[in-house]
Amino acid sequence: MSDDTGEPEVELEARLEEQETFEPPESFVEQANVSDPDVYEEFEENWPDCWERAADLLSWDEEYDTVLEDGDAPFYEWFTGGELNASYNCLDRHVEEGAKNRAAIKWEGELGETRTYTYGDLLNEVEAFAAALRDLGVEEDDVVTLYMPMIPELPIAMLACARIGAPHSVVFAGFSADALATRMNSADSEYLVTCDGYYRRGDALNHKEKADKGLRGVENDVQTVVVDRLGDELTHFLGADAHDYGELVAEHEGASVEPVSRDAEDMLFLMYTSGTTGEPKGVKHTTGGYLAYTAWTSHAVLDVKPEDTYWCTADIGWITGHSYIVYGPLALGTTTMMYEGTPDYPEKDRLWDLVEKNRVDTFYTAPTAIRSFMKWGTEYPERHDLSSLRLLGTVGEPINPRAWKWYYKHIGDEECPIVDTWWQTETGGMMITTLPAINEMKPGSAGPPLPGGMMITTLPAINEMKPGSAGPPLPGVDARVVDANGDEVEAGQAGYVTVNNPWPGMLRTLYQNDERFIEEYWTEYSDEEADEWVYFPEDGAKIDEDDYITILGRVDDVINVSGHRLGTMEIESAVVGVEGIAEAAVVGGDHDVKGEAVYVYAIPEDGYEDRHAELEEKAMEAVLDSIGPIARPEEIVFTPELPKTRSGKIMRRLLENIASGDELGDTSTLRNPEIVDEIADQVAGD
Ligand code: 6R9
């Protein structure tokens, strides 16, 4: 069921349907962490020192000397000379300030079991596991790989690594064995923490088997720690070299492990993400800038308060979970929720049940989830009391206005501001979003004469929400929308997002690949001669007369499936690895719930033309093996040829249009225009 925009059909009142702007409720504004409209101006005037405001949210072992060191741009350094420990900032200091008994993590398993870790509990277990890691030989700067689903031991292991200065590299549990091996090899990692399994829709999944398979492809001798998540459900199999997490923690119970003072610029973690080429990129984040930035944005945008129960539904295996389940919220001493399973198990009201039971204040999710909720219908949220909610957020992909309005009405009861936050793995934290409670000054917009004839030059305008548009860049962030020459486009025009000033949460480099770092992000719009560096996130966008930015999507070969970032080249190389497939092109097509879905167009080799079913099965398997189920193709279409330009380039745009059911436009410049209709018929035929 879709309307002509391909969005799920839902009932919205005519009133909402037509409303284009929304103001935050007064009750929210009154209690908000950041509500002073001067924040934009203050940041602009005091840049880069404005970022001290973020650094001030942290406890430093050693004060920094310089806010921003830009001598070796684009290898920027933040808060140089400063020293701190992320685990200390997320745990010890809250305990020292009397919050020992406040819940730090509230976890619920898919089968309904719950666990609450107070700040005191969490600190104890983090120290015990940190001591255990040290005993296993982990030293400062060794990369520890964490391959775990949404269980409390994942953030515990992250914080234990941070405590001893060992960067972690979390690999999303849904990734395949091959993907694990690639990431471990790339990071030269000698340690792995994983688990026996976890639950999905009531079934126990064997995760350890996948980890073991991955380990066979790792060059290093690896020490493995296994968390027993399932008890007897699956055999808790420990290989000869594997250690039992529970035993290790028990052995080290009561251990006290001094948090290691890390230089602000020391690596906190690595996170692999997809890019234009097949090789995943190891994005490097540092201790000072990243932690300050995630704490600041959690404070200013998510309005996180220590007494809140805060819930971000992302998986910790992605950057959103790192920044806004673990580091940002815990740095601010709040209660952060974690849920292990799927939102429709055992019923489609599972998330609303959790919101009600835990009196959740803030709920941060992805548009793809909202589109599923819409499809399931309002009866599910209506079963629950959601009145504890104060703020809603979205992240990961563009949100269509209809989904925004549904979220606003049916989840927020028209009482909660929504922040639509644009950012990336590379940016570390949010970059473009409204601040939920600000009456922003509109610079340059002369107001009407006041009674008595007095003139004012700026008029406070509500930083109102416009469904579908992320909003203005955050204070201190110089994001723009530019044309191919780097000149800012006019209001109403489309172009590319650039960020023209550095910010503390930015990636510092791609792990052991400075060259690729420059090439990927700092080449398109920078002027190296003039030492002018402009960050290029590879997203298209539009800007309006209020400087609100509407993100249009990736302009590179990355597709966004259910908010997950996938490289088409990675999928293509898996498909062409199948015997019998000569060539393949992978594109994203519109999907009404997932946003985009994976479409594969493949040419069979001679002799395989009549073996489509067999090839399809193998191609599917190859994608699952090399990446994982998130990359599962929606459709694999076999064709004798791919549409190509006269110079021999595959016309991906056209293949995207076919997948999305869009107009195909002029195909006359193709070398083989006749193939287009043939492919389109096949796709439409099923
Ligand atoms: C945080 C995260 C980054 C890409 C990014 C963009 C898309 C993220 C968005 C959004 C429109 C938003 N994206 N947030 N598009 N509106 N609010 O998702 O990181 O996995 O690295 O993906 O996601 O295309 O470039 P990551």
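The rules behind the values
- Residues numbered from 1 in each chain as written.
- Predicted model: local features only at pLDDT ≥ 70, side-chain atom pairs only at ≥ 80, totals over all residues.
- Heavy atoms only, no water.
- Helix = DSSP H or I, 4+ residues; strand = E, 2+ residues; numbered from the N terminus.
- Rg over C-alpha atoms; globule rule 2.2 N^0.38 Å.
- Buried < 20%, exposed > 50% of the residue type's maximum accessible area, 1.4 Å probe, protein only.
- Contact = heavy atoms within 4.5 Å.
- Areas by Shrake-Rupley, 256 points an atom, 1.4 Å probe, with all protein chains shown as cover.
- Pairing = 2+ DSSP bridges.
- Axes fitted to C-alpha atoms, helices over the stretch in contact; angles between N-to-C directions.
- Core = buried A, V, L, I, M, F, W, Y, C linked by side-chain atoms within 4.5 Å.
- Salt bridge = Lys/Arg side-chain N within 4 Å of Asp/Glu carboxyl O.
- Domains from an automatic or database assignment.
- Buried area = accessible area lost by both parts, 1.4 Å probe.
- Nonpolar A, V, L, I, M, F, W, Y, C, P; charged D, E, K, R; others polar.
- UniProt positions renumbered as here; feature names shortened; annotations may be inferred.

Summing up its helical and strand segments, the chain has 21 helices and 32 strands in all. Computed over its C-alpha atoms, the radius of gyration of the chain comes to 25 Å, within 12% of the 26 Å expected for a compact globule of 686 residues. Structurally, the chain occupies a C-alpha span of about 85 × 70 × 60 Å along its principal axes. Per-residue burial for the chain yields a buried fraction of 60% across its 686 residues. Taking contacts inside the chain between residues at least 6 apart in sequence as the whole, the part at least 24 apart equals 71%. Summed over its atoms, the accessible surface of the chain is roughly 26800 Å², and 43% of this surface lies on carbon and sulfur atoms.

With that out of the way, let us pick up the sheet that holds strand β23 (residues 479-482). Note on sheets: strands pair through backbone hydrogen bonds, and any given pair is parallel or antiparallel. Taken together, the four strands give an open sheet; going across it, the order is β23-β24-β26-β27, and neighbouring strands pair in antiparallel fashion. The open sheet has two free edges, formed respectively by β23 and β27 (549-554), since each of these has just one partner strand. Sheet twist, expressed as the mean angle between neighbouring strand axes with direction ignored, is 40°. Pairing of β23 with strand β24 (residues 494-499), which is carried by four bridges, proceeds in the antiparallel orientation. Each residue of the ladder has a partner; that of arginine 480, found in β24, is threonine 498.

Moving on to the nonpolar core. For soluble globular proteins, nonpolar side chains are generally found buried alongside one another. Residues Trp51, Phe79, Leu122, Phe129 and Tyr327 are the most contacted members of the largest nonpolar core, which totals 121 residues. When sequence neighbours within four positions are dropped, the list of residues in contact with tryptophan 51 reads Phe43, Val67, Trp78, Phe79, Tyr293, Trp296, Pro475, Gly476, Val477 and Pro504. Counting residues in each nonpolar core, the second largest holds 38 residues, with Leu215, Val218, Val575 and Val600 among its members.

This paragraph deals with the environment of tryptophan 296. Looking at the secondary structure, you find tryptophan 296 in helix α11 (residues 287-300). For tryptophan 296, a relative accessible area of 4% corresponds to the buried category. As for tryptophan 296 and glycine 328, which are separated by 32 residues in sequence, their C-alpha atoms are 7.7 Å apart. Excluding residues within four positions of it along the chain, tryptophan 296 makes contact with Val34, Phe43, Trp51, Arg53, Ala54 and Leu57.

Next up on the list: the sheet that holds strand β18 (residues 362-365). Taken in spatial order, the seven strands line up as β5-β4-β17-β16-β18-β19-β20 in an open sheet, and their pairing is mixed. The sheet is open, and its two edges are formed by β5 (114-118) and β20 (418-421), each paired on a single side. Within this sheet the neighbouring strands show an average axis-to-axis angle of 20°, counted without direction. As judged from the four bridges shared by strand β19 (residues 391-395) and β20, these two strands associate in the parallel manner. Bridged to valine 395 within β20 is threonine 421.

According to the stated counting rule, one finds 45 salt bridges in the structure shown. Note that aspartate 344 and arginine 201 form a salt bridge whose closest N and O atoms lie 3.0 Å from each other. Here arginine 201 lies in the loop between β9 (197-200) and β10 (203-206) and aspartate 344 lies in the loop between β17 (335-339) and α13 (350-358), a separation of 143 residues in the sequence. According to the relative accessible area criterion, aspartate 344 is partly exposed, its value standing at 21%. Here aspartate 349 makes a salt bridge to arginine 383, at a shortest N to O gap of 3.5 Å. With aspartate 349 in the loop between β17 and α13 and arginine 383 in the loop between α15 (379-382) and β19, this residue pair connects regions lying 34 residues apart in the sequence. Accessibility expressed as a relative area gives 12% for aspartate 349, which makes it buried. Judged by relative accessible area, which is 40%, arginine 383 ranks as partly exposed.

What follows concerns the domain arrangement of the chain. According to the domain assignment, the chain contains domain 1 (1-85 + 286-447 + 459-476 + 488-552), domain 2 (112-260) and domain 3 (557-685). Using only C-alpha atoms to locate each centre, domain 1 and domain 3 end up separated by 33 Å. Among the residues domain 1 hides against domain 3, the three largest losses belong to Trp318, Thr368 and Arg371. Together they make up 44% of the total. Where domain 1 packs against domain 3, one counts one salt bridge. A salt bridge links arginine 565 to glutamate 426, with the shortest nitrogen-to-oxygen separation between them at 2.9 Å. Class assignment for the residues of the side of domain 1 that touches domain 3 results in three nonpolar, seven polar and five charged.

If you check UniProt for "domain: AMP-binding enzyme C-terminal" (unreviewed entry), the listed places come out as residues 570-649 in our numbering. Between the C-alpha atoms that bound residues 570-649 there is a distance of 18 Å. The span itself is 28% helix and 31% strand.

Take helix α14 (residues 367-376) next. Burial analysis of α14 places eight of its ten residues in the buried class, which makes it a mostly covered element. Burial in α14 covers these residues: Pro367, Thr368, Ala369, Ile370, Arg371, Ser372, Phe373 and Met374. Glycine 377, located one to two residues past α14, shows a positive phi value of around 110°.

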